[in-house]
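Fold and contact review
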Amino acid sequence: MTEHDKVLLTLQVNGASHEVAVEARRTLADTLRHDLELTGTHVACEHGVCGACTVLVDGDPARSCLMFAAQAEGSEIRTVESLAGDDGTLSDLQRAFSANHGLQCGFCTPGFLMLAEGFLAERPDAGREEIREVVSSNLCRCTGYQTIVDSIQDCAERRRETKETSA
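Residues numbered from 1 in each chain as written. Predicted model: local features only at pLDDT ≥ 70, side-chain atom pairs only at ≥ 80, totals over all residues. Heavy atoms only, no water.

As for the side chain of arginine 63
For clarity, the cut-off: By the criteria applied, helices consist of DSSP H or I runs no shorter than four residues and strands consist of E runs no shorter than two, each listed in order from the N terminus. Whether a residue is buried, partly exposed or exposed follows from its accessible area with a 1.4 Å probe, protein chains only, as a fraction of its type maximum: under 20%, in between, or over 50%, in that order. Neither His nor the chain ends contribute to the count of charged residues, in which Lys and Arg are positive and Asp and Glu negative. Should a side-chain nitrogen of Lys or Arg be within 4 Å of a carboxyl oxygen of Asp or Glu, the pair is scored as a salt bridge. Think of a polar contact as two N or O atoms within 3.5 Å of one another; within protein, one of them needs to be a possible hydrogen donor and the other a possible acceptor, and neighboring residues in sequence only count if both atoms come from side chains. The contact definition used throughout considers only heavy atoms, calling two residues in contact when any of these lie within 4.5 Å.
Among the structural elements, arginine 63 can be located in strand β4 (residues 60-63). Despite its burial, arginine 63 pairs with no opposite charge; the closest candidate is glutamate 133, at 11 Å N-O. Within the structure, the side chain of arginine 63 is placed 3.1 Å from the side chain of threonine 54, a separation counted as a polar contact. Not counting chain neighbours up to four residues away, the residues in contact with arginine 63 comprise Gly48, Val49, Gly51, Cys53, Thr54, Ser137 and Asn138.

Shown next as structure tokens:
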């Protein structure tokens, strides 16, 4: 592979523009991790089954191991690094995962956080059963999912309460 076999891309990631030269077949997950050094996106199965690599592409959860980086050009990509504030303050979703013990080893957590962030943006009034259904698309070997569902439900309820009091 020579420099001439690469494509120059401009990717919008976490609100910033990044130019990268990558092989046309390089996945978004590998580009995020190795070229942009955003290692919060994890790679596990590399078949789109586990959800560890979930990021938001134009607000929708997407498996970054199944997507070529070139396919993401022109889209807004958000990784788990986008959740915390610039000062490192955890987002409400991250705090809910911590408070409800929604993680154990933590390997799958970035994928669950991004899945939940995209889902709650689309369905802020989601109930427990809907949350349970969405969560079933990602794999976790440690928690048994109950605390993950609890975490997302807690965040959803708090967001609704905040919205109601500010209205």
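Structural notes on the packing of helix α2 (residues 92-99) against helix α5 (residues 146-166)
Our working definition: Fitting a line to C-alpha atoms yields each axis, with helices limited to the stretch in contact; the angle taken between N-to-C directions then spans 0 to 180 degrees. Here roughly perpendicular refers to angles of 65 to 115 degrees, roughly parallel to angles under 35, roughly antiparallel to angles over 145, and oblique to all remaining angles. Each helix crossing is assigned a hand: it is left-handed if the near helix lies turned anticlockwise from the far helix by less than a right angle, otherwise right-handed if that turn is clockwise. Residues are sorted three ways: Asp, Glu, Lys and Arg are charged, Ala, Val, Leu, Ile, Met, Phe, Trp, Tyr, Cys and Pro are nonpolar, and all the rest, Gly among them, are polar.
With their axes 8 Å apart at the nearest point, α2 and α5 run at an angle of 135 degrees to one another. What the angle tells us is that α2 and α5 run oblique. By crossing handedness, the relation of α2 to α5 is classed as right-handed. Within the contact between the two elements, α2 uses Asp92, Leu93, Ala96 and Phe97 and α5 uses Ile148, Ser151, Ile152, Asp154, Cys155 and Arg159. Tallied by class, the residues present in the contact of α2 with α5 amount to six nonpolar, one polar and three charged.

Overview of the domain arrangement of the chain
We apply this condition: Domain segmentation is taken from an automatic or database assignment of domains. Once two parts are brought into contact, the accessible area they lose, counted with a 1.4 Å probe and summed over both, makes up the buried area.
Assigned domains of the chain: these are domain 1 (6-82) and domain 2 (92-166). Taking the mean C-alpha position of each, domain 1 and domain 2 sit 22 Å from one another. Taking both sides of the interface into account, the surface hidden between domain 1 and domain 2 amounts to around 1,200 Å²; carbon and sulfur atoms contribute 62%. For the interface between domain 1 and domain 2, the tally reads one salt bridge. For glutamate 117, the salt bridge is made with arginine 78, and the minimal N-O distance between the two is 3.8 Å. Along the contact surface separating domain 1 from domain 2 lie five residue pairs in polar contact (both at pLDDT 80 or more). Secondary structure elements with two or more residues in the side of domain 1 that touches domain 2: β3 (54-57) and β4. Split by residue class, the side of domain 1 that touches domain 2 holds nine nonpolar, seven polar and three charged.

Here we look at helix α1 (residues 28-35)
Along α1, the residues classified as buried are Leu28, Ala29, Thr31 and Leu32. Where α1 is buried, its residues meet β1 (6-13), β2 (16-23), β3 and β5 (76-78).

Some thoughts on the pairing of β4
Keep this limit in mind: The rule for pairing is simple: two strands pair if DSSP sees at least two bridges between them.
Where β3 lies against β4, four bridges are found, and the strand directions are antiparallel. Each bridged residue has a counterpart across the sheet, and for valine 57 the counterpart in β4 is aspartate 60. The hairpin formed by β3 and β4 contains two residues between the paired strands, and aspartate 58 there has a positive phi angle of roughly 55 degrees.

Focus on α2
Here is the rule: Here, the arc refers to the directions that run from the helix axis to the C-beta atoms.
Along α2, the positions that sit buried rather than exposed are Leu93, Gln94, Ala96 and Phe97. Buried residues of α2 fall within an arc of 160 degrees about the axis and therefore sit on the same side. Structurally, α2 contributes buried residues whose contacts are with α3 (109-122) and α5. Just downstream of α2, histidine 101 is the residue with a positive phi angle, here 55 degrees.

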